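The primary structure of each chain is shown beneath.
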Amino acid sequence: MPLSGRWTLTRYLIEQRRRFPGASGDFNALLLDVALACKAIARIVAFGTLADTVGTRLPNGANGIAPGGQLNVQGEVQKPLDVLSNEIFIRMNEWNGHLAGLASEEMDGPKQIPASYPRGKYLLVFDPLDGSSNIDVNVSVGSIFSILRAPQEAIDSGRDVTEADFLQPGAAQVAAGYAIYGPTTMLVLSVGNGVAGFTLNPNLGEFVLSQPDIRVPEQTQEFAINSSNSRFWEPPVKRYVDECLAGKTGPRGKDFNMRWIASMVAEAHRILMRGGVFLYPRDTKDPAKPGRLRLLYEANPIGYVMEQAGGRASTGRQPILGVKPSALHQRIGVVFGSKDEVERIERYHHEPAPSEAPAPLFAPRSLFRD
Ligand code: AHG
Ligand code: MN
Ligand code: MN
């Protein structure tokens, strides 16, 4: 299929750069290398169990699907494709001179740029394969990335990066996005000027602009949550879900639909395309883990894309992008999607639960108001 007048990712980035006449082009070059890493991962994912029969080098000679890898820093089993995707991100980006350092879900601490390559001004943080437990069952997975500026003094001195350099709030991201490896491979990206979607044309090996201005509908009747955790939810989340489930006859006066893919990247994509709300809230399941998802390479980049698309991303209590991170692998409660629903969930976190609310006689508009 020819391009038929559509823009490639390269052209989109060049047109965006025209807004900044002084820009060096480093940023665009970096994004193209990130996109190349995603294309390489897309190919490997597409081969599935056949990956080892087509010459793809998998770590430890393992089959691309069989579990049994090492544990990552978070105690999760790394699948061979988690490890390989991580390596692809590193190899495609460490040499280009645009990065001061990298960090990812699959590495304990920051990865330094090897001495043989120049160091640049950006930091790349990524989840190389999100939803990787779904690989075994051929459900969509993806890669999530976030680009930050390194501290000026680190750029000037060219010193090694430290964990502290990465602990910047999501609002400081200069770009973020994800690739989704589904029936088609897509790249969804924000460089701080809205959100654009690109579909991989497999004949050309090019990402082609297919959704130039993605907007999340402000209202929705669809929510996504892992309800097997309901006994651990905090009261505002319970209230929200109960009200959705009550449907037409409940306080919301309308029926809701529910989805749970267990690939956040796929849920985020659905919500960007047609609206909805996603919750992986803080709960009481494991007091050592204030939430399931990770702030720096899951919540922040997806939060940035959501907000840039007119949606909202929150911890339930405050905007995700305002949270000052305290650790590279910090976990956090996450709620994102259609603005009206996320705002409602935030309101429920700030209001007393209906059962704790003052009895009507003592409520602000009552007879006994003082
Ligand atoms: P990862 O594969 O990068 O570790 O992330 C998986 C995450 C996320 O994609 C998904 O929303 C969530 O884990 C699924 O959690 P449950 O297994 O609790 O449903
Ligand atoms: Mn993930
Ligand atoms: Mn992952």
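Everything here concerns the structure above.
I will try to describe carefully the structure that is included in this document. Bear in mind that the values here come from a model prediction, so they are computed numbers and not experimental data. (Residues numbered from 1 in each chain as written. Chains lettered and ligands numbered in written order. Predicted model: local features only at pLDDT ≥ 70, side-chain atom pairs only at ≥ 80, totals over all residues. Heavy atoms only, no water.)

Each helix and strand in the protein was counted, giving nine helices and 15 strands. Counting only C-alpha atoms and orienting by the principal axes, one finds that the protein spans roughly 75 × 45 × 45 Å. Taking contacts inside the protein between residues at least 6 apart in sequence as the whole, the part at least 24 apart equals 66%. Split by element, the accessible area of the protein, about 16400 Å² in all, is 54% carbon and sulfur. Here the protein contributes 39 positively and 39 negatively charged side chains, and the mean placements of these two sets differ by 4 Å. (Helix = DSSP H or I, 4+ residues; strand = E, 2+ residues; numbered from the N terminus. Contact = heavy atoms within 4.5 Å. Areas by Shrake-Rupley, 256 points an atom, 1.4 Å probe, with all protein chains shown as cover. Lys, Arg positive; Asp, Glu negative; His and termini not counted. Charge placed at Lys NZ, Arg CZ, Asp CG, Glu CD.)

Once that is clear, we can look at helix 6 (residues 235-246). The end-to-end C-alpha distance of helix 6, which contains 12 residues, comes to 16 Å, matching closely the 16 Å that a straight helix rising 1.5 Å per residue would cover. The set of residues buried in helix 6 consists of Pro236, Val237, Arg239, Tyr240, Val241, Glu243 and Cys244. Looking at the packing, one finds that the buried side of helix 6 touches strand 9 (222-225), strand 11 (277-280) and helix 9 (339-350). (Expected span 1.5 Å × (residues − 1). Buried < 20%, exposed > 50% of the residue type's maximum accessible area, 1.4 Å probe, protein only.)

What follows deals with the coordination of the manganese ion (ligand 3). Within the protein, the atoms that donate to the manganese ion (ligand 3) are Glu105 (OE), Asp127 (OD) and Leu129 (O), at distances of 2.3 to 2.4 Å. Site description for the manganese ion (ligand 3): donor spacing in sequence, E-x21-D-x1-L. A spacing of 3.7 Å is found between the manganese ion (ligand 3) and the manganese ion (ligand 2), which share Asp127 as a donor. Of the two residues, Glu105 is situated in the loop between strand 1 (99-104) and strand 2 (111-112) and Asp127 in strand 3 (residues 122-130); the sequence distance between them amounts to 22 residues. (Donors = N, O, S within 2.8 Å, 3.2 Å for Na, K, Ca; no water.)

All right, on to the site of ligand 1 then. Surrounding ligand 1, one finds 17 residues, the nearest of these being Glu105, Asp130, Gly131, Met264 and Tyr280. Contacts to ligand 1 include Leu129, whose backbone N or O atom sits 3.4 Å from an oxygen atom. A distance of 2.9 Å separates an oxygen atom of ligand 1 from a polar side-chain atom of Asp130. Expressed as a share of its isolated accessible area of 480 Å², the protein-covered part of ligand 1 is 85%. For the shell around ligand 1, the elements supplying multiple residues, two or more each, are strand 3 and strand 12 (293-294). (Near = heavy atom within 4 Å. Polar contact = N/O pair within 3.5 Å; in protein donor to acceptor, adjacent residues only side chain to side chain.)

Those donors, Asp127 (OD), Asp130 (OD) and Glu298 (OE), are the protein atoms that reach the manganese ion (ligand 2), and they lie 1.8 to 2.2 Å from it. Judged by relative accessible area, Asp130 falls into the buried class, the value being 5%.

For the rest of this paragraph, the subject is the sheet that holds strand 8 (residues 206-211). The strand order across the open sheet built from eight strands is 2-1-3-4-5-6-7-8, with neighbouring strands paired in mixed fashion. What marks the edges here is a single partner per strand, and that holds for strand 2 and strand 8. Pairing of strand 5 (residues 175-181) with strand 6 (residues 185-190) involves six bridges; the strand directions are antiparallel. Directly across from Gly177, in strand 6, lies its bridge partner Leu189. Helix-sheet contacts for helix 7 (residues 264-274) involve strand 3, strand 4 (141-149), strand 5, strand 6 and strand 8, and the interaxial angle to strand 5 is about 105°. Where helix 8 (residues 295-308) meets the sheet, its contacts fall on strand 1, strand 3, strand 4, strand 5 and strand 6, and the angle it forms with strand 4 comes to roughly 85°. (Pairing = 2+ DSSP bridges. Axes fitted to C-alpha atoms, helices over the stretch in contact; angles between N-to-C directions.)

Let us look at unusual backbone geometry. Of note in the backbone geometry, Asn138 takes a positive phi value of approximately 60° without being a glycine. Tracing the chain through its elements places Asn138 in the loop between strand 3 and strand 4. Under the relative-accessibility criterion, Asn138 is labelled exposed at 75%.

This paragraph deals with the packing of aromatic side chains. Taken as a whole, this structure holds eight aromatic pairs when the rule is applied. Ring geometry for Phe27 and Tyr122: centres 5.8 Å apart, planes at 45°, overall tilted. Placement of Phe27 in helix 2 (residues 26-47) and of Tyr122 in strand 3 is noted, with a sequence separation of 95 residues between them. Accessibility assignment for this pair places Phe27 and Tyr122 in one class, buried. Members of the aromatic cluster, each reached through a chain of ring pairs, are Trp260, Phe278, Tyr280 and Phe336. (Phe/Tyr/Trp six-rings, centres within 6.5 Å; stacked < 30°, edge-to-face > 60°.)

It is worth stressing that arrangement in space is one thing and function is another; only the former is reported here.
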